[in-house]
Amino acid sequence: MSHQPVIDGFEFASAGATQEGKLPLSSFPRLQDVLVSDAGDVTYALRGVRDGRGRPSLQLSVRGTLQLRCQRCLGVLLHEVQAEQLLVLAASQAEIDAEPAAVDAPDRVLAGKEMALRELVEDELILSLPYAPRHEECEAHPEGSDSGSDRARSSPFAGLRGMMQRKH
Ligand SMILES: [Zn+2]
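The rules behind these values
Residues numbered from 1 in each chain as written. Predicted model: local features only at pLDDT ≥ 70, side-chain atom pairs only at ≥ 80, totals over all residues. Heavy atoms only, no water. Helix = DSSP H or I, 4+ residues; strand = E, 2+ residues; numbered from the N terminus. Buried < 20%, exposed > 50% of the residue type's maximum accessible area, 1.4 Å probe, protein only. Areas by Shrake-Rupley, 256 points an atom, 1.4 Å probe, with all protein chains shown as cover. Salt bridge = Lys/Arg side-chain N within 4 Å of Asp/Glu carboxyl O. Polar contact = N/O pair within 3.5 Å; in protein donor to acceptor, adjacent residues only side chain to side chain. Contact = heavy atoms within 4.5 Å. Pairing = 2+ DSSP bridges.

A.B. asks: Where do I start with the overall build of the protein in this structure?
C.D. replies: When helices and strands are counted, the protein shows four helices and seven strands. Counting helices and strands in the order they occur from the N terminus, the protein gives β-α-β-β-β-β-α-β-β-α-α. The buried share of the protein, taken over its 168 residues, is 40%. A total accessible area of about 9800 Å² is found for the protein, and carbon and sulfur atoms account for 49% of it.

Structure representation (structure tokens):
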């Protein structure tokens, strides 16, 4: 199960292709710092579509459950991911940079001949992370008190967001 599915972005979009599958949580290196456990899978579905302006795009949906650490009680917090994202393909970074900034502008992604599905899915999972994961109401977790010093640390998600931004 260690295959690495890749797609040719423009070809996939033009053909209206679809691909569905599962990826183990252990295959996302950028998530490992925030996961309490990397057991389990996420399922994804990718469809080649066109956006409202006729541009080749990828419609990505990602579903799964991540086990995060509650920053208040340090217990396990189950984070359900149900993400839908339209990624409008671009032929070059210059095309992305030329896009006027708009609140409702779709996400752009650089098309490639061998786009790794795993990375598209991983980006989506990272974007879905809460900035400071917390239970709405914490239960008593006396076993968490031995690592109380964690509370003072800054959110590990801040670093992840920084990594995401580097790509854009
Ligand atoms: Zn909690």
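A.B. asks: Before we go on, may I ask you to explain the pattern of salt bridges in this structure?
C.D. replies: Oppositely charged side chains are able to pair whenever their charged atoms sit close together. For the coordinates displayed, the defined rule picks out ten salt bridges. Across the pair Asp51 and Arg55 runs a salt bridge whose closest N-O atoms are separated by 2.8 Å. The pair Asp51 / Arg55 is uniform in exposure class, with both members buried. Here Arg63 makes a salt bridge to Glu84, at a shortest N to O gap of 3.5 Å. Of the two residues, Arg63 sits in strand S4 (residues 56-69) while Glu84 sits in strand S5 (residues 76-90), which places them 21 residues apart along the sequence.

A.B. asks: How should the side chain of His79 be read in this particular structure?
C.D. replies: Positionally, His79 belongs in strand S5. Separated by 2.9 Å, the side chain of His79 and the backbone oxygen of Ser128 make a polar contact. Setting aside its immediate chain neighbours within four residues, His79 contacts Gly64, Thr65, Leu66, Leu68, Ser128, Leu129 and Pro130.

A.B. asks: Honestly, the pairing of S5 in this entry has me stumped. Any pointers?
C.D. replies: Regular strands show a simple pattern: their side chains alternate between the two faces of the sheet. Bridge count between S4 and S5: 13 bridges; the pairing is antiparallel. By the bridge assignment for S5, Gln59 is matched with Leu86. In sequence, S4 turns back onto S5 through a hairpin of six residues, with Leu74 there showing a positive phi of about 65°. Direction of pairing for S5 relative to strand S6 (residues 107-110): parallel, over a ladder of four bridges. Opposite Leu89, over in S6, you have Val109 as the bridge partner.

A.B. asks: Would you explain the side chain of Arg118 in this entry?
C.D. replies: Position of Arg118 relative to the elements: it lies in helix H3 (residues 117-128). A polar contact of 3.2 Å, which involves the side chain of Arg118, links it to the backbone oxygen of Ser27.

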